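Listed below are the residues making up each chain.
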Amino acid sequence: MHPMLNVAVKAARRAGTVINRASLNLERLQVDRKQHNDFVTEVDKAAEAAIIETLSEAYPTHGFLAEETGEQNINAENVWIIDPLDGTTNFIHGFPQYAVSIALAVNGVTQQAVVYDPNRDELFTATRGAGAYLDRRRLRVATQDRLSNSLIGTGFPYREDQDLEKYLKIFAEMSRQCAGLRRPGAASLDLAYVAAGRYDGFFESDLKPWDIAAGALLISEAGGLVGNYRGEEGFMKSVEVMAANPRIYAQMVQSLSKYSAS
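Presented here is a report on the structure given in the accompanying data block. These numbers come from a predicted model, not from an experiment. (Residues numbered from 1 in each chain as written. Predicted model: local features only at pLDDT ≥ 70, side-chain atom pairs only at ≥ 80, totals over all residues. Heavy atoms only, no water.)

Looking at the packing of helix 1 (residues 3–23) against helix 2 (residues 42–58)
Stated precisely, the cut-off is as follows: To get an axis, fit a line to the C-alpha atoms, keeping to the stretch in contact for a helix; angles then go from 0 to 180 degrees between the N-to-C directions. Elements are defined by DSSP. Helices are runs of H or I of four residues or more, strands are runs of E of two residues or more, and each kind is numbered from the N terminus. An angle counts as roughly parallel when it lies under 35 degrees, as roughly antiparallel when it exceeds 145, as roughly perpendicular when it falls between 65 and 115, and as oblique in every other case. The crossing is said to be left-handed when, going from far helix to near helix, the turn is anticlockwise and less than a right angle, and right-handed when the turn is clockwise. Residues count as neighbours in contact if any of their non-hydrogen atoms are within 4.5 Å of one another. The residue classification treats Ala, Val, Leu, Ile, Met, Phe, Trp, Tyr, Cys and Pro as nonpolar and Asp, Glu, Lys and Arg as charged. All others, Gly included, are polar.
Relative to each other, helix 1 and helix 2 sit at 155 degrees, their axes nearing to 9 Å. In terms of their interaxial angle, helix 1 and helix 2 are classed as roughly antiparallel. The element helix 1 and its partner helix 2 pack so that their crossing is right-handed. From helix 1, V7, A8, K10, A11, R14, A15, V18, I19 and A22 reach across to helix 2, where they touch V43, A46, A47, A50, I51, E53, T54, L55 and A58. Looking at the contact of helix 1 with helix 2, its residues break down into 14 nonpolar, one polar and three charged.

So, in structure tokens, the structure goes:
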């Protein structure tokens, strides 16, 4: 394992310990509302602090783009992109679908990725050019070649500033075209599931870099494609992401491209 990936795994596991300990006592949790349906807890903050402490001890000159604490030294060559608890709404309800997401961008290109599910103790990792793994097993995207037989992951808009009406049109169209749509509520884990072949594809609007940076590298290293709804790169700066194996990706572009905001 690449030394930087090793440190990222250590940081993700430390965050997972913080999250698991808090999950045993949810009724005592302090929950704040960022805006309607967008929550942050002391656990998000404690998990993020554990991650940043672990990474900055090893790499004091690196920068950070993190969901809760924002940007630190963002113009550094090496920048860690962190979501300490993706799926906070699930977490505070005791719904066991959430993850820690950590990626390292070097001059703007993601080189290392970790998505850690503390509930199942599943560790998804990737290093650019060296493949994606679940624990020690090499990951490949699903071999499905027909959208009509595909299980597709998605995420519903949940903030008031998101376009629910447009999304419901997309949802209706995709529901008719695939075998099933799933919406568990943690995008980083959804993307890891595409890399692992558990989903045949995934799409969602209004995601942030820390939701997708690690998952996108997992998918590309597992032989999949990631882009916006038109199938173009640059999704990290976009408001939408779509991912699948190459054949399903092409079929999803036909359905989703007309809804692209990019």
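After that view of the structure, there is still more to cover.
Overview of the nonpolar core
As a reminder, the rule being used: What we call a nonpolar core is a set of buried Ala, Val, Leu, Ile, Met, Phe, Trp, Tyr and Cys residues that are connected through their side-chain atoms within 4.5 Å. Residue exposure (1.4 Å probe, protein chains only): buried if accessible area is under 20% of the type maximum, exposed if over 50%, otherwise partly exposed.
Within the largest apolar cluster, 39 residues are counted, with the highest numbers of intra-cluster contacts made by V115, F124, L139 and L218. When residues of this core are traced back to their parent elements, those giving at least two are strand 5 (78–86), strand 6 (99–106), strand 7 (109–117), strand 8 (122–127), strand 9 (132–134), helix 5 (187–195), helix 6 (209–221) and strand 15 (240–244). Looking at which element gives the most residues to this core, the answer is helix 6, with eight residues. Apart from the residues lying within four places of it in its own chain, the contact partners of F124 are A113, V114, V115, Y133, L134, L139, L189, A192, Y193, A196, R198 and L218. V7, A8, Y59 and W80 belong to the second largest nonpolar core, which has 32 residues in total.

So, helix 1
Rules: To estimate the expected span of a helix, subtract one from its residue number and multiply by 1.5 Å.
With 21 residues, helix 1 should reach 30 Å at 1.5 Å per residue; the first-to-last C-alpha distance of 30 Å fits that figure. Of the residues making up helix 1, those classed as buried are M4, L5, V7, A8, V9, A11, A12, A15, G16, I19 and A22. Lining the buried residues of helix 1 we find helix 2, strand 5, helix 3 (88–93), strand 6, strand 7 and strand 8.

A word on the sheet that holds strand 14 (residues 225–227)
The condition is simple: Think of it this way: DSSP has to see at least two bridges between two strands before they count as a pair.
Strand order in the open sheet formed by five strands is 12-11-13-15-14, with mixed pairing between adjacent strands. Since the sheet does not close on itself, it has two edges, and those belong to strand 12 (180–182) and strand 14, each with one partner. Neighbouring strand axes in the sheet, compared pairwise and without regard to direction, differ in orientation by 15 degrees on average. Bridge count between strand 13 (residues 201–205) and strand 15: five bridges; the pairing is antiparallel. By the bridge assignment, E204 is partnered in strand 15 with V241.

Digging into the packing of aromatic side chains
Quick note on the threshold: Aromatic pairing here means that ring centres of Phe, Tyr or Trp (its six-membered ring) are within 6.5 Å. Orientation follows from the plane angle: under 30 degrees is stacked, over 60 is edge-to-face, and everything else is tilted.
Counted according to the given criterion, the structure contains nine aromatic pairs. Between F124 and Y193 the ring centres are 6.3 Å apart and the planes differ by 50 degrees, which places this aromatic pair in the tilted class. Of this pair, F124 sits in strand 8 while Y193 is found in helix 5, placing the two residues 69 residues apart along the sequence. Of the two residues examined, F124 and Y193, each falls in the buried class. Judged by centre distance (6.1 Å) and plane angle (50 degrees), the ring pair of Y193 and Y199 falls under tilted. Owing to a relative accessible area of 11%, Y193 belongs among the buried residues under this scheme. Its relative accessible area of 4% is what places Y199 among the buried residues. What links up through ring pairs into an aromatic cluster is the set F156, Y167, F171, F203 and Y229.

Considering unusual backbone geometry
Located in the positive-phi region is D121, a residue other than glycine, with phi close to 50 degrees. Mapped onto the elements, D121 comes out in the loop between strand 7 and strand 8. A relative accessible area of 40% means that D121 is categorised as partly exposed. Within the chain, D135 stands out as a residue other than glycine whose phi angle is a positive 55 degrees. Relative to the helices and strands, D135 is located in the loop between strand 9 and strand 10 (137–138). Relative accessible area serves as the criterion here: at 41%, D135 is assigned to the partly exposed category.

Nothing here speaks to function; it is geometry throughout.
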